[in-house]
Amino acid sequence: MSVIVLGSAGHAPGVTTTAVGLAATWPDQVLLVDADPHPAQAVLAGFLQGEDPYGRGLATLLSAHRERRALAPLLAEAAIELVPSDPVGRLFLPGFVNPGAVELFAAAWPEFAAALAARPGDVLVDIGRIGPRGLPPALAEVADLVLLVTRTSLVDLVALRLHLPALGEPLGERLGLLLVGPDRPYTAKEINAQFGLDVVASIGWAPEQARVWSHGERPTRGFRVGGYLRSVRHAAGQLAGRLAARSALIGAPR
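Residues numbered from 1 in each chain as written. Predicted model: local features only at pLDDT ≥ 70, side-chain atom pairs only at ≥ 80, totals over all residues. Heavy atoms only, no water.

Some points on the nonpolar core
Here is the rule: Here, nonpolar core refers to any group of buried Ala, Val, Leu, Ile, Met, Phe, Trp, Tyr and Cys residues whose side-chain atoms link them within 4.5 Å. Burial classes follow relative accessibility: with a 1.4 Å probe on protein chains only, a residue under 20% of its type's maximum area counts as buried, one over 50% as exposed, and anything between as partly exposed. By definition, residues are in contact when any of their heavy atoms lie within 4.5 Å.
Counting 50 residues, the largest nonpolar core has Val5, Val33, Leu61, Leu93, Phe112, Leu116 and Val125 as the members making the most contacts within it. If near-sequence neighbours (up to four positions away) are discounted, Val33 is found in contact with Leu93, Phe112, Leu116, Val123, Leu124, Val125 and Asp126. In this structure, Leu32, Leu147, Leu178 and Phe223 belong to the second largest nonpolar core, which totals 39 residues.

Here it is in structure tokens:
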């Protein structure tokens, strides 16, 4: 299995929307984790249309950690279905219920990150906007790939450049870019030349269609047959294939 972390360096490029789209189109079983340190419950309120998690999520795992119970066996119990009745097995782990829980969870990160890394299937972690402290060290350690999600305007790329020094050296080749709306106006080739980072995947620019995943709107025929959905599916396939190849190279179990 692999752990992929998605975050942004600034502004709001659509990290959560992208993470939901990737999880919903992932070619194998996947767990989507809301680990945004700025709690918003965006997936529950948006894609899942106000679903009540019934006490599951990171709060449940924090309580278990404080009671000295192992977290790995509890991951499935703490998660809910992202896509109901989906045979692939797409789960969602709800995030922090209030800002104060973020600091309380700091002590649980090492065990939680290890549990994610040991879980069968792939894990997508939505870390939201990455602040001055960077990623939780335990999460950075187990991540197979950290993707900075960015749009391609000058405003977005300047913000990206400001935050890269704190991330680039510790992560090395595990750090890459996921572009939202390539060629608006800068191309993947131009961005790669400027930042020296691999553009691992790109998804199309379609704000109205993206509301299916950001706000839970019903997919139209245009969404189902349009280029936006194809681009997200292609990105999911690219990422899964890249990580499978990496695991095979290093002999890691999947």
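Additional details are given in the paragraphs that follow.
Topic: empty space enclosed by the protein
As a reminder, the rule being used: The distinction between a cavity and a pocket rests on a 1 Å grid over the protein atoms alone: a 1.4 Å probe fits inside a cavity but cannot get out, while a pocket stays open yet meets protein on both sides within 12 Å along at least five of seven lines, and a residue with an atom within 4 Å of a point counts as lining. Grid points are joined across faces, edges and corners, and a volume is the space filled by probe spheres set on the points. Counting from the N terminus, the helices are DSSP H or I runs at least four residues long and the strands are E runs at least two residues long. Classes in brief: Ala, Val, Leu, Ile, Met, Phe, Trp, Tyr, Cys and Pro nonpolar; Asp, Glu, Lys and Arg charged; the others, Gly included, polar.
Within this structure, the stated rule accounts for 1 cavity of 30 Å³ or more. Of all the secondary structure elements, the ones that give two or more residues to the lining of the largest cavity are strand S6 (145–151) and helix H8 (154–171). Of the residues assigned to the lining of the largest cavity, the class counts are 5 nonpolar, 2 polar and 2 charged.

A look at the sheet that holds strand S7 (residues 175–180)
Strand pairing in a sheet relies on backbone hydrogen bonds, with the paired strands running either antiparallel or parallel. Applied cut-off: Whether two strands pair depends on DSSP finding at least two bridges between them. Inter-axis angles, ranging from 0 to 180 degrees, are taken between N-to-C directions of lines fitted to C-alpha atoms, where helices are fitted over the stretch in contact.
With mixed pairing, 8 strands are arranged side by side in an open sheet as S3-S4-S2-S5-S1-S6-S7-S8. Unpaired on one side and paired on the other, strand S3 (80–81) and strand S8 (199–203) mark the two borders of the sheet. Bridge analysis of strand S2 (residues 30–34) against strand S4 (residues 90–93) gives 4 bridges, and the strand direction is parallel. Among the inter-strand pairings, Leu31 is bridged to a residue of S4, identified as Leu91. Most of the contacts of helix H6 (residues 109–118) go to S2, to which it runs at about 160°, and overall it touches strand S1 (3–8), S2, S4 and strand S5 (122–129).

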